[in-house]
Each structure stands twice: as structure tokens, then as C-alpha cells.
Amino acid sequence: MPDLVRDLFTRPKPVVAVIHAGPSPGVPGFRSVRAAVDRAVAEARLLVELGVDGLLVENAHDAPALGDEETGPEVVAYMTHIAVAVRRNANRLPVGVRILCADRAALAVALGAGCHFVRVDGWARDPTQAARFHRYRESLDASPI
């Protein structure tokens, strides 16, 4: 396990629970930011109580997903709002972010929300995504994430 991951979790095989944010603004099925935040906070509190080792906030309902170039600022703002609320209720657990097919957007959210890690997509299919991500991470001075 990489050192950054080992430093985040106390157990060698941590259980990271996923909080699926509702559809983002502009995606069919979107209701309201407040409803999404309230649901994510309730899930985070329950998962902390159940003893998970970490939380991951994900926009799983934004399928089909857009890439980094097409993911709009409304998705980044929405996910940042949810991630901040989850962090406040995570009881010191590591919190991560995943934005489907938009790794750099996820990193921006994680940085803005003070999160600890991101989950990334598809680097095996397109290794240039990894290079772009790592260069972007360096430019943001976000290497601890």
C-alpha cells in the first residue's frame, strides 16, 4: 500500500464507504442542493456510527458521465458543497472525492473541501490522463491529496 494511503488509515485493509450524491445541477433528476447535502450528511453520520474507516463522496447519478473538459463549474461547486458538509460530519475520518470521468475536477473539489484523497478513473485505458492529473496536482500544490 502506498505511504500516503497507509498514513490515512489505521488498518491495512480499510473499509471506505461511498456516499452517492444525488444528480448534479443540470442532470435529469436533480432536485436541490439542500436535499442532497441533507441526505449526504445523514449517510455520513450513520456510516461513522457503523465504524467505517473512511468516506468517499461520489457523483454516481451523473451517468452518462462527462470528462474533465466537459464537467461544468456547477458540478464542481455542487460536489464541493456536499464534500464540505460530509467532512464536517466525518468525525476525523479521511474523506475522498470521485467525480465520474473527471479526475482533475475531483482533485479541485478535494482541495477546496479539505478532503484527503481522490478516486480516479481509467488510467489503464489512457495513461495520459494520469500524466495530466499529476501535473495538475503539482500545479495546485496538492501533492498530499
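Look a little higher up for the structure.
None of these values were measured; they are calculated from a predicted model. (Residues numbered from 1 in each chain as written. Predicted model: local features only at pLDDT ≥ 70, side-chain atom pairs only at ≥ 80, totals over all residues. Heavy atoms only, no water.)

Novice: What exactly am I supposed to notice about the overall build of the protein here?
Specialist: A tally of regular secondary structure across the protein gives 5 helices and 4 strands. Sequence-ordered secondary structure for the protein, helices as α and strands as β, is α-β-α-β-α-β-α-β-α. In terms of overall size, the protein behaves like a compact globule, its C-alpha atoms giving a radius of gyration of 15 Å where 145 residues would be expected to give roughly 15 Å. Principal-axis analysis of the C-alpha atoms gives the protein an extent of 40 × 40 × 25 Å. Taking all 145 residues of the protein together, the buried fraction comes to 45%. Entry remark: accessible area of the protein is about 8,000 Å², with carbon and sulfur atoms responsible for 55%. (Helix = DSSP H or I, 4+ residues; strand = E, 2+ residues; numbered from the N terminus. Rg over C-alpha atoms; globule rule 2.2 N^0.38 Å. Buried < 20%, exposed > 50% of the residue type's maximum accessible area, 1.4 Å probe, protein only. Areas by Shrake-Rupley, 256 points an atom, 1.4 Å probe, with all protein chains shown as cover.)

Novice: Would you take a moment to explain the side chain of Ser 24 for this structure?
Specialist: Structurally, Ser 24 can be placed in the loop between β1 (16–20) and α2 (33–50). The exposure class assigned to Ser 24 is buried, which follows from its relative accessible area of 0%. Among all residues touching Ser 24, those that are not within four sequence positions of it are Phe 30, Asn 59, Asp 62, Val 75 and Tyr 78. (Contact = heavy atoms within 4.5 Å.)

Novice: How should I be thinking about helix α3 (residues 73–88) in this particular structure?
Specialist: An α-helix turns once every 3.6 residues. As a result, residues three or four positions apart point the same way. For α3, with 16 residues, the first-to-last C-alpha span of 23 Å sits near the 22 Å given by 1.5 Å per residue. Taken together, the buried positions of α3 are Val 75, Tyr 78, Met 79, Thr 80, Ile 82, Ala 83, Ala 85 and Val 86. The elements touched by buried residues of α3 are β1, α2, β2 (54–58), β3 (95–98) and α4 (103–113). (Expected span 1.5 Å × (residues − 1).)

Novice: Explain the packing of α4 against helix α5 (residues 127–139) to me, please; I cannot follow it from the model alone.
Specialist: Packed helix pairs are specified by the crossing angle of their axes together with the interaxial distance, meaning the distance between the axes. Where α4 meets α5, the axes come as close as 9 Å, and the angle between the chain directions of the two elements is 25°. The orientation of α4 relative to α5 falls into the category roughly parallel. By crossing handedness, the relation of α4 to α5 is classed as right-handed. Here Asp 103, Arg 104, Leu 107 and Ala 108 of α4 lie close against α5, whose contacting residues are Gln 129, Arg 132, Phe 133, Tyr 136 and Arg 137. (Axes fitted to C-alpha atoms, helices over the stretch in contact; angles between N-to-C directions. Parallel < 35°, antiparallel > 145°, perpendicular 65-115°, else oblique. Left-handed = near helix turned anticlockwise from the far one by under 90°.)

That's the geometry; what it means functionally is another story.
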